[in-house]
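Structural description and commentary
The residues making up each chain are set out below.
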Amino acid sequence: VKRRHRDYAAEVAGRGGAAALQMNALKDESARQLLDRLEDIQRDFPLTLDLGCGLGHIRKALLEVPGAGGIEHLVEVDASAGMVEYCRREAAAEANPNSEDEDEGAIELRHAVVDEEFLPFQDNSFDLVLSSMSMHWVNDLPGMLTQARRCLRPDGAFLGAMLGGATLDELRVSLMLAEEELEGGISPHTSPMVQLSDAASLITSAGFRLPVVDSDTYALHYPDMDTLMRELQRAGDGNAVPHRRHHVPRRTFARAAEIYRERFGEEDGSLPATFQIIYMIGWKEHESQQQPKARGSANASMKDALEVEVTVTEGGDGGGESKA
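Just so it is clear, the structure is predicted and the values come from calculations on it, not from any experiment.

Calculation rules
- Residues numbered from 1 in each chain as written.
- Predicted model: local features only at pLDDT ≥ 70, side-chain atom pairs only at ≥ 80, totals over all residues.
- Heavy atoms only, no water.
- Helix = DSSP H or I, 4+ residues; strand = E, 2+ residues; numbered from the N terminus.
- Expected span 1.5 Å × (residues − 1).
- Buried < 20%, exposed > 50% of the residue type's maximum accessible area, 1.4 Å probe, protein only.
- Arc of directions from axis to C-beta.
- Core = buried A, V, L, I, M, F, W, Y, C linked by side-chain atoms within 4.5 Å.
- Contact = heavy atoms within 4.5 Å.
- Pairing = 2+ DSSP bridges.
- Axes fitted to C-alpha atoms, helices over the stretch in contact; angles between N-to-C directions.

What follows concerns helix H4 (residues 81-94). Given a rise of 1.5 Å per residue, 14 residues ought to cover 20 Å, and the 20 Å separating the end C-alpha atoms of H4 matches this to within 8%. Where H4 is concerned, the buried positions are Met-83, Val-84, Tyr-86, Cys-87 and Ala-91. Down the axis of H4, the buried set is contained in an arc of 160°. They therefore lie on one face.

Here it is as structure tokens:
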């Protein structure tokens with residue numbers, strides 16, 4: 001299902017419709033934020049894998065920040081053949097074959113159709129794995145992260161960005177309340193996503209060391225709920241739950257749109273749509289990394305550290321002292 005959605009998004013982009021979608025602008029921004037975190041790491045990562053490349057958001061961000069991360073070779077892969085072909089065409093157009101001077105800072109690009117859950121690469125292949133705004137559609141996310149770690153060289157890094165559980169709360173609540181009111185039950189209309197509180201345990205359970213997790217929240221605005229849902233479909237981000245409801249009765253949809261506007265509408269008449277993006281960093285194990293000491297090896301007592309004599313001097317003439 002998700003592969004079909006992404007193929008359709010690539011078709012929309014191929015017709016020139018991608019630039020008009022706010023969702024694609026959000027994905028571009030997410031890639032920029034991911035590279036901003038990469039630049040905080042004082043390391044070079046010559047061979048890098050872009051896992052779930054989509055429409056090439058990371059590649060475009062790298063064009064804005066030449067030399068970021070010391071990346072010399074970028075392998076763009078996606079489960080959608082349409083997405084990979086779109087990236088290949090865009091990369092060829094960006095190469096500017098009419099230029100007589102070879103760009104010394106140009107990144108060598110390779111492309112492949114790869115299922116994110118079954119990575120065909122050998123162990124210890126890449127210095128860095130990046131994944132921006134595609135992990136939330138992976139069925140076996142712990143398995144994908146484990147494979148990403150396998151493909152990394154020792155002390156290699158993984159940087160990922162994915163939609164979090166607070167995404168599209170307004171839409172979810174509006175549809176749920178409308179269904180409960182008119183039909184006496186509810187069904188899932190947005191795909192399940194990872195909560196921020198679970199992200200650190202998710203990456204550590206895959207075997208990564210020194211995890212760092214944070215998040216940003218963005219609000220996009222739309223004239224009505226129908227426009228929001230059509231954009232999600234055109235961007236390849238529609239509901240992909242296998243047993244999802246394929247048709248919402250018109251009466252229920254209209255009531256959901258009313259609830260959306262009543263509860264969340266802005267003064268200017270627009271409807272906000274919240275998108276939470278979770279960023280995560282993890283490292284493949286290496287002997288040079290910080291290691292926790294063995295349990296029981298401490299040579300100082302916490303009890304002794306807490307039993308510190310504190311002297312408090314009271315104000316006034318001469319005053320006095322009391323000890324705690």
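Our next topic: the nonpolar core. Judged by nonpolar contacts, the single largest core of 44 residues is most densely connected at Leu-159 and Phe-275. The residues touching Phe-275, leaving out its near neighbours within four places in the chain, are Met-23, Leu-26, Leu-163, Thr-167, Leu-168, Asp-216, Thr-217, Tyr-218, Leu-220 and Leu-232. Formed by 28 residues, the second largest nonpolar core is a distinct cluster that contains Met-144, Cys-151, Ala-199 and Ile-278.

Taken in spatial order, the seven strands of this open sheet run S3-S2-S1-S4-S5-S7-S6, and their pairing is mixed. At either end of the open sheet lies a strand with only one pairing partner, and these are strand S3 (108-113) and strand S6 (209-222). On average, each strand axis in the sheet is inclined to that of its neighbour by 15°, with strand direction left out of account. One ladder, built from seven bridges, connects strand S5 (residues 152-163) with strand S7 (residues 271-283); its direction is antiparallel. Bridge pairing in S7 places Leu-163 opposite Ile-277. Together, strand S2 (73-78) and S3 form the strand contacts of H4, whose direction differs from that of S3 by roughly 160°.

Another point: the side chain of Thr-167. Looking at the secondary structure, you find Thr-167 in the loop between S5 and helix H6 (169-183). Residue classification places Thr-167 among the buried residues on the basis of a relative accessible area of 0%. When near neighbours in sequence (up to four residues on either side) are disregarded, Thr-167 contacts Arg-172, Met-193, Thr-274, Phe-275 and Gln-276.

Let's shift gears to H6. For H6, which comprises 15 residues, the first-to-last C-alpha distance of 21 Å matches the rise-based estimate of 21 Å (1.5 Å per residue) to within 8%. Those residues of H6 that fall on the buried side of the exposure criterion are Glu-170, Leu-171, Ser-174, Leu-175, Ala-178 and Glu-179. Projected down its long axis, H6 carries its buried residues within an arc of 150°, all on one side. Of the surrounding elements, those touching the buried residues of H6 are helix H8 (225-234), helix H9 (250-264) and S7. Count one or two residues on from H6 and you reach Gly-184, which has phi positive near 75°.

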